[in-house]
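A closer look at the structure
This is what each chain is made of:
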Amino acid sequence: MTVRRRDADRKFDVGGRVWRSPVRFPPLVEGRFIKRLNRFAALVDVERREYLAHVPNSGRMGELLVPGFRVLLAPAPAGTSRKTSFDLALVDTGTALSSADARLPNKLVAEALAQKRMPQFGNYPVARGEQVYGESRLDFLLEGPEGKCYVETKSVTLVEEGVALFPDAPTVRGVKHLRSLMAAREAGHQAAVVFVIQRADAEAFAPHDVADPLLGVTLREARDAGVAVWAYRCDVTERSIVLADTVAARL
């Protein structure tokens, strides 16, 4: 069996099958969640000692940040002056591992675009990050023979009865992003929003109308205006996370 390395060592063709290159975690430390102190800090137990951990997600994450839940933590780099000893990386709900890092969806989508694993964007060979359009800084600008496509990604961690829900709290910023995507469509560009479900136990996606009715209304308006809506779940292990497959968006 031959193995051919391609795309800067990020994917492999083994016997005709392309294997996805995941985003890898550094060696993680196991602990237990105690409580959240503020938006970006939590108290965790590691080997019966309490430590401060950075929470890289401003969402409420009430379904994840549960006292007693097993967590996996990335140690802070040596030699830094941080007040927190760890970054909160993963939460084990007992039925699924979920990433708690809202910074990862951009990286996951960027990897998938580079590896051509998002065929809906296959006609846009050029991808640029963080492009301003209107009042928003959107995550990606894709360019190709068909013109421009603006793409915004959103991190999703809440799953109820197999349905991933976004957001878990009102998000003025999220509404603004959707309106900017609508403005891009009105100007003749393509536009899309990609909801990245950072866990594997979702079978569908829906806007969380109870948490933020305006976001739900705006998302449906954006869909009707021609903004493409995509939802992807992720394969998550204690070593890595990768954008996996699409799930149905129930709008």
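Structure report, in brief. Quick caveat: nothing in here was measured; it's all calculated off a predicted structure.

1. What about the sheet that holds strand S12 (residues 136-144)?
In any sheet, the strands associate via hydrogen bonds between backbone groups, in a parallel or an antiparallel arrangement. Read from one edge of the open sheet, 7 strands run S4-S19-S18-S16-S13-S12-S11, paired in mixed fashion. The open sheet is flanked by strand S4 (23-24) and strand S11 (126-133), the only strands paired with a single partner. The sheet strands contacting helix H2 (residues 172-186) are S11, S12, strand S13 (147-156) and strand S16 (190-197), and the helix crosses S12 at an angle near 35°.

2. Concerning the pairing of S11
In the sheet, S11 pairs with S12 via 7 bridges, with the strands oriented antiparallel. Pairing of Gly129 across the sheet is with Phe140, part of S12. Remark: 2 residues form the turn of the hairpin made by S11 and S12, two consecutive strands paired antiparallel; Gly134 in that turn has positive phi of roughly 60°.

3. Things to note about the state of the cysteines
Counted by the stated rule, this structure contains 0 disulfides. Counting only cysteine sulfurs, Cys149 is the nearest neighbor of Cys234, a cysteine outside any disulfide, at a range of 20 Å.

4. Some points on the sheet that holds strand S15 (residues 163-166)
If you trace the 4 strands from one edge of the open sheet to the other, you get S14-S15-S17-S20, paired in mixed fashion. The strands lining the two open edges of the sheet, one partner per strand, are strand S14 (158-160) and strand S20 (248-249). Direction of pairing for strand S17 (residues 204-207) relative to S20: parallel, over a ladder of 2 bridges. What sits directly across from Phe205, in S20, is Ala249.

5. Description of the environment of Val175
Following the sequence through the fold, Val175 ends up in helix H2. Given a relative accessible area of 5%, Val175 falls into the buried group. C-alpha separation for the pair Val175 and Ala76, spaced 99 residues apart in sequence, amounts to 33 Å. Those residues in contact with Val175, other than ones at most four positions away along the chain, are Leu214, Leu215 and Thr218.

6. Thoughts on the environment of Thr84
Relative to the helices and strands, Thr84 resides in the loop between strand S8 (70-75) and strand S9 (86-92). Here the alpha-carbon distance between Thr84 and Val172, two residues 88 residues apart in the chain, equals 29 Å. Apart from residues lying up to four places away in sequence, Thr84 is in contact with Leu52, Ala53, His54 and Ala76. Looking at Thr84, its side chain comes within polar contact range of the side chain of Arg82, at 2.9 Å.

7. Here's the deal with H2
With 15 residues, H2 should reach 21 Å at 1.5 Å per residue; the first-to-last C-alpha distance of 21 Å fits that figure. Here H2 has its buried residues at Gly174, Val175, His177, Leu178, Ser180, Leu181, Met182 and Ala184. Elements in contact with the buried residues of H2: S11, S12, S13, S16 and helix H3 (213-224). Where H2 ends, the next residue or the one after it, Gly188, has phi of about 100°, a positive value.

8. Notes on the packing of aromatic side chains
All told, the structure shown has 4 aromatic pairs when counted by the stated rule. With centroids separated by 5.5 Å and ring planes inclined at 90°, the aromatic side chains of Tyr51 and Phe86 adopt a geometry described as edge-to-face. Residue Tyr51 is found in strand S7 (residues 49-54), and its partner Phe86 is found in strand S9; the two are separated by 35 residues along the sequence. Each ring, one from Phe195 and one from Phe205, has its centre 4.3 Å from the other, and the planes form 20°; the classification is stacked. You can see Phe195 sitting in strand S16 and its partner Phe205 sitting in strand S17, a full 10 residues away along the chain. Of the two residues, Phe195 and Phe205, neither departs from the other in class, the shared state being buried.

Calculation criteria
Residues numbered from 1 in each chain as written. Predicted model: local features only at pLDDT ≥ 70, side-chain atom pairs only at ≥ 80, totals over all residues. Heavy atoms only, no water. Pairing = 2+ DSSP bridges. Helix = DSSP H or I, 4+ residues; strand = E, 2+ residues; numbered from the N terminus. Contact = heavy atoms within 4.5 Å. Axes fitted to C-alpha atoms, helices over the stretch in contact; angles between N-to-C directions. Disulfide = S-S within 2.5 Å. Buried < 20%, exposed > 50% of the residue type's maximum accessible area, 1.4 Å probe, protein only. Polar contact = N/O pair within 3.5 Å; in protein donor to acceptor, adjacent residues only side chain to side chain. Expected span 1.5 Å × (residues − 1). Phe/Tyr/Trp six-rings, centres within 6.5 Å; stacked < 30°, edge-to-face > 60°.

The values reported here are purely geometric and, on their own, carry no functional implication.
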